[in-house]
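Structure assessment
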Amino acid sequence: MKCTKCGGRAVIDLKRHNSGFCKEHFFEYFENQVRKAIDEFSMFGLRDRILVAVSGGKDSLVLWDVLMRFGYQADGLYIDLGIGEYSSASSQKVRDFVLARQANLRHVSLEQDYGYGVPEAARRLRRAACSPCGLSKRYIFNREALEGSYDVLATGHNLDDEAAVLFGNVLRWNTGYLGRQYPVLEEDPGGLVRKVKPLIRLTERETAAYAVLQGVDYIVEECPKAIGARTTLYKQLLNDLEIQSPGSKQQFLYGFYERGHDSFEASRDVALTPCTECGQPTTREGLCAFCQVRSRLLTVRA
Ligand code: AMP
Ligand code: ZN
Ligand code: ZN
């Protein structure tokens, strides 16, 4: 296959765009897609301080790499979730990245800083690991961004992630979640930092290719706790659809952003009050969901 731009040898074919690119033009395409997402949703500017949540996986490390390449002020935030070998390996990938690029990293350990790890919390609360994991990440993202006075928090969610989550939300008509699913969530004066997802125009396959070609070393293994998760099933379904009908995934997601999302936005409006324990914003009276889980972990026997 030949590069659509220069006729040279293509290193990747992109059926959804009916094109193929050589290495140089793939980088150009990829970076243009990130720029387009940032501009289209006015995510941030060069003066903003960005905190990039990095897991050690391809998407978030590529995002951090690209933002620094563009000249943005981007620091990283890594949360060690205490998931054995997976956490130590992903933490090492992040550290290697930081050393090679002399980047700034905020490092939080769930076990050392908050007294529990994800597997232990899941076992003691009798919940699936993704529940305390998601809750802890959301809480720490916000808290670290506020404490470091960042203007915005960026995550590496890509087109596949967002389409799969949208599929799940539509399947169950989760109108509240649909109202909150957007590439930008504005800051709430009640204490929620602005959140953005600059990789929504790129697929997992594209971020993996960019990482490999650009020499970004990342942890290939998926989180062992996420195996069998529903989102993984939805991703497979959408990938099967994409093979039969290239472009379906992006039509589904972008169509929602353009014509669906606004209809659900009203379901988002909820008042926030400070948690009586930690002061972080919550929709509940008294303890926030995070402090409630922590207090339950203190009372439930190991
Ligand atoms: P996931 O929920 O694992 O699909 O990850 C979605 C995004 O959340 C990633 O692209 C990262 O930006 C962020 N993220 C996930 N895990 C971590 C972590 N352990 N530390 C910091 N950020 C994370
Ligand atoms: Zn080319
Ligand atoms: Zn709290």
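Not measured: the values here are computed from a predicted model.

This next bit is on the sheet that holds strand β6 (residues 152-154). Across the sheet, six strands lie side by side as β5-β4-β3-β6-β8-β7; this open sheet has mixed pairing. What marks the edges here is a single partner per strand, and that holds for β5 (105-109) and β7 (184-185). Across five bridges, strand β3 (residues 49-53) lies against strand β4 (residues 73-80) in parallel orientation. In the strand pairing of β4, Val52 is matched with Gly76.

On to the layout of surface pockets, then. Approximately 350 Å³ is the volume found for the second largest pocket. Taken together, 14 residues form the lining of the second largest pocket, with Lys15, Arg205, Glu242, Ile243 and Lys249 sitting closest to its centre. Within the residue set of the lining of the second largest pocket, elements represented by two or more residues are β1 (12-14), α9 (204-214) and α10 (230-244). Broken down by class, the residue content of the lining of the second largest pocket amounts to three nonpolar, two polar and nine charged.

This next bit is on the packing of helix α2 (residues 58-69) against helix α3 (residues 84-101). Where α2 contacts α3, the axes come no closer than 11 Å and their chain directions differ by 15 degrees. Taken together, the axes of α2 and α3 are roughly parallel relative to one another. The handedness of the crossing between α2 and α3 is right-handed. Along the contact surface, α2 presents Leu61, Trp64, Asp65 and Met68, while α3 presents Phe97, Val98 and Arg101. Across the contact of α2 with α3, the residue classes break down as five nonpolar, no polar and two charged.

Under the criterion given, the structure shown has 18 aromatic pairs. Geometrically, the ring pair formed by Phe21 and Tyr29 is stacked, given 5.3 Å between the ring centres and 20 degrees between the ring planes. Looking at Tyr29, the relative accessible area reads 8%, which means it is buried. Aromatic pair Phe256 and Tyr257: ring centres 6.1 Å apart, planes at 50 degrees, arrangement tilted. The class of Tyr257 is buried, set by a relative accessible area of 5%. These aromatic residues form a ring-pair network of at least three members: Phe21, Phe26, Phe27, Tyr29, Phe30 and Tyr210. When the ring centre of Phe70 is taken as reference, the NZ or CZ atom of Arg35 above it lies at 4.0 Å.

Protein-derived coordination of the zinc ion (ligand 3) comes from Cys275 (SG), Cys278 (SG), Cys288 (SG) and Cys291 (SG), at a distance range of 2.3 to 2.4 Å. Of note is the zinc ion (ligand 3), whose four donor atoms meet at the metal with angles of 106 to 119 degrees in an arrangement that counts as tetrahedral. Summarised as a motif, the one-chain spacing of the donors to the zinc ion (ligand 3) is C-x2-C-x9-C-x2-C. Residue Cys278 is located in the loop between β9 (273-274) and β10 (281-282), and its partner Cys291 is located in helix α12 (residues 289-299); the two are separated by 13 residues in the primary sequence.

Now for the side chain of Asn158. Mapping Asn158 onto the fold places it in the loop between β6 and α7 (159-171). Within the structure, the side chain of Asn158 is placed 3.0 Å from the side chain of Asp59, a separation counted as a polar contact. With residues up to four places along the chain from it excluded, the contact list for Asn158 reads Asp59, Leu199, Ile200, Leu202 and Glu204.

Attention now goes to the coordination of the zinc ion (ligand 2). Octahedral metals with six donors have ideal donor angles of 90 or 180 degrees. Tetrahedral metals with four donors have an ideal donor angle of 109.5 degrees. For the zinc ion (ligand 2), the full set of protein donor atoms is Cys3 (SG), Cys6 (SG), Cys22 (SG) and His25 (ND1), at a range of 2.1 to 2.4 Å. One can describe the donor arrangement at the zinc ion (ligand 2) as tetrahedral, given that its four donor atoms subtend angles of 94 to 115 degrees at the metal. Within one chain, the residues donating to the zinc ion (ligand 2) are spaced in sequence as C-x2-C-x15-C-x2-H.

Domains assigned within the chain are domain 1 (34-268) and domain 2 (273-302). The C-alpha-based centres of domain 1 and domain 2 are spaced at 24 Å. Listed per partner, the contact involves 16 residues of domain 1 and 14 residues of domain 2. Taking both sides of the interface into account, the surface hidden between domain 1 and domain 2 amounts to around 1,400 Å²; carbon and sulfur atoms contribute 68%.

Here we come to the pattern of salt bridges. Summed over all chains, the structure comprises 19 salt bridges. Arg49 is paired through a salt bridge with Asp75; the nearest N and O atoms lie 4.0 Å apart. On the criterion of sequence distance, the pair formed by Arg49 in strand β3 and Asp75 in strand β4 is long-range, its members being 26 residues apart. Owing to a relative accessible area of 27%, Arg49 belongs among the partly exposed residues under this scheme.

Rules behind the numbers
Residues numbered from 1 in each chain as written. Chains lettered and ligands numbered in written order. Predicted model: local features only at pLDDT ≥ 70, side-chain atom pairs only at ≥ 80, totals over all residues. Heavy atoms only, no water. Pairing = 2+ DSSP bridges. Helix = DSSP H or I, 4+ residues; strand = E, 2+ residues; numbered from the N terminus. 1 Å grid on protein atoms, 1.4 Å probe; cavity = no way out; pocket = protein on both sides within 12 Å on 5 of 7 lines; lining within 4 Å. Points joined across faces, edges and corners; volume = space filled by probe spheres on them. Nonpolar A, V, L, I, M, F, W, Y, C, P; charged D, E, K, R; others polar. Axes fitted to C-alpha atoms, helices over the stretch in contact; angles between N-to-C directions. Parallel < 35°, antiparallel > 145°, perpendicular 65-115°, else oblique. Left-handed = near helix turned anticlockwise from the far one by under 90°. Contact = heavy atoms within 4.5 Å. Phe/Tyr/Trp six-rings, centres within 6.5 Å; stacked < 30°, edge-to-face > 60°. Buried < 20%, exposed > 50% of the residue type's maximum accessible area, 1.4 Å probe, protein only. Lys NZ or Arg CZ within 6 Å of the ring centre and 35° of its normal. Donors = N, O, S within 2.8 Å, 3.2 Å for Na, K, Ca; no water. Tetrahedral: all angles 85-135°; square planar, octahedral: opposite > 155°, others 65-115°. Polar contact = N/O pair within 3.5 Å; in protein donor to acceptor, adjacent residues only side chain to side chain. Domains from an automatic or database assignment. Buried area = accessible area lost by both parts, 1.4 Å probe. Salt bridge = Lys/Arg side-chain N within 4 Å of Asp/Glu carboxyl O.

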